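# Summary of the model geometry
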Amino acid sequence: QEGMLGRKHDVDGSGKKASNRSWTTLFFVLKPEQLSAYKDLKTYSHGITYHGENPLFLSDASWEILNIYKKKKHICKLRLSDGSEYLFQCKDEEELQRWSQAMQRA
Ligand code: I3P
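Quick caveat: nothing in here was measured; it's all calculated off a predicted structure. (Residues numbered from 1 in each chain as written. Predicted model: local features only at pLDDT ≥ 70, side-chain atom pairs only at ≥ 80, totals over all residues. Heavy atoms only, no water.)

### As for the site of the ligand
Neighbouring the ligand are Lys 8, Arg 21, Ser 22, Trp 23, Tyr 69, Lys 71 and Lys 72. Within the side chain of Lys 8, one N or O atom sits 2.5 Å away from an oxygen atom of the ligand. Here the ligand loses 53% of its free accessible area of 510 Å² to cover by the protein chains. Within the shell around the ligand, the residues separate by chemical class into two nonpolar, one polar and four charged. (Near = heavy atom within 4 Å. Polar contact = N/O pair within 3.5 Å; in protein donor to acceptor, adjacent residues only side chain to side chain. Areas by Shrake-Rupley, 256 points an atom, 1.4 Å probe, with all protein chains shown as cover. Nonpolar A, V, L, I, M, F, W, Y, C, P; charged D, E, K, R; others polar.)

Next comes the structure, spelled out in structure tokens:
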């Protein structure tokens, strides 16, 4: 599964509010147990991750559809095993279902 998603880093690995809380639209690639962020398809084809970020490791991670998030639509919350949390915005309900199913399998 791959595609553009909005992302906001919400909670860092020590349980504190992340310092950079703005939304960024990036190209995400989901492979078994890992999610990688790229600026776009072109940098993905060159294997260059966004800001040199390491993939997020998904073992013992949880993915939840956030129906309570009122400011934006089609939001999911990814919680990693270290406690850090990321919000993702899908472009529509169909994308949200596709990412959610892929995340359950990953
Ligand atoms: C953040 C930006 C985010 C907002 C976040 C702000 O500011 O406006 O869109 O999240 O609010 O801190 P900046 O761009 O200056 O980093 P929401 O869209 O989810 O409200 P927050 O700190 O309350 O999470």
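After presenting the structure, the write-up continues.
### Details of the environment of Pro 32
Relative to the assigned elements, Pro 32 resides in the loop between strand S2 (24–31) and strand S3 (34–38). Separated by 26 residues in the primary sequence, Pro 32 and Leu 58 have C-alpha atoms spaced 8.2 Å apart. (Helix = DSSP H or I, 4+ residues; strand = E, 2+ residues; numbered from the N terminus.)

### Some thoughts on the sheet that holds strand S7 (residues 85–89)
Across the sheet, which stays open at both edges, the seven strands sit in the order S4-S3-S2-S1-S7-S6-S5 with antiparallel pairing between neighbours. In this open sheet, the two edge strands, each paired with only one partner strand, are strand S4 (56–57) and strand S5 (62–65). (Pairing = 2+ DSSP bridges.)

### Things to note about the pattern of salt bridges
Counted according to the given criterion, the structure contains seven salt bridges. As a salt-bridge pair, Arg 21 and Asp 10 come within 2.6 Å of each other at their nearest N and O atoms. Taken as a pair, Arg 21 in the loop between strand S1 (2–11) and S2 and Asp 10 in strand S1 lie far apart in primary sequence, eleven residues in all. With a shortest N-O distance of 3.4 Å, Lys 91 and Asp 92 are connected by a salt bridge. With a relative accessible area of 26%, Asp 92 lands in the partly exposed category. Ionic contacts of the salt-bridge type, sharing partners, join the residues Lys 77, Arg 79 and Glu 85 into one network. (Salt bridge = Lys/Arg side-chain N within 4 Å of Asp/Glu carboxyl O. Buried < 20%, exposed > 50% of the residue type's maximum accessible area, 1.4 Å probe, protein only.)

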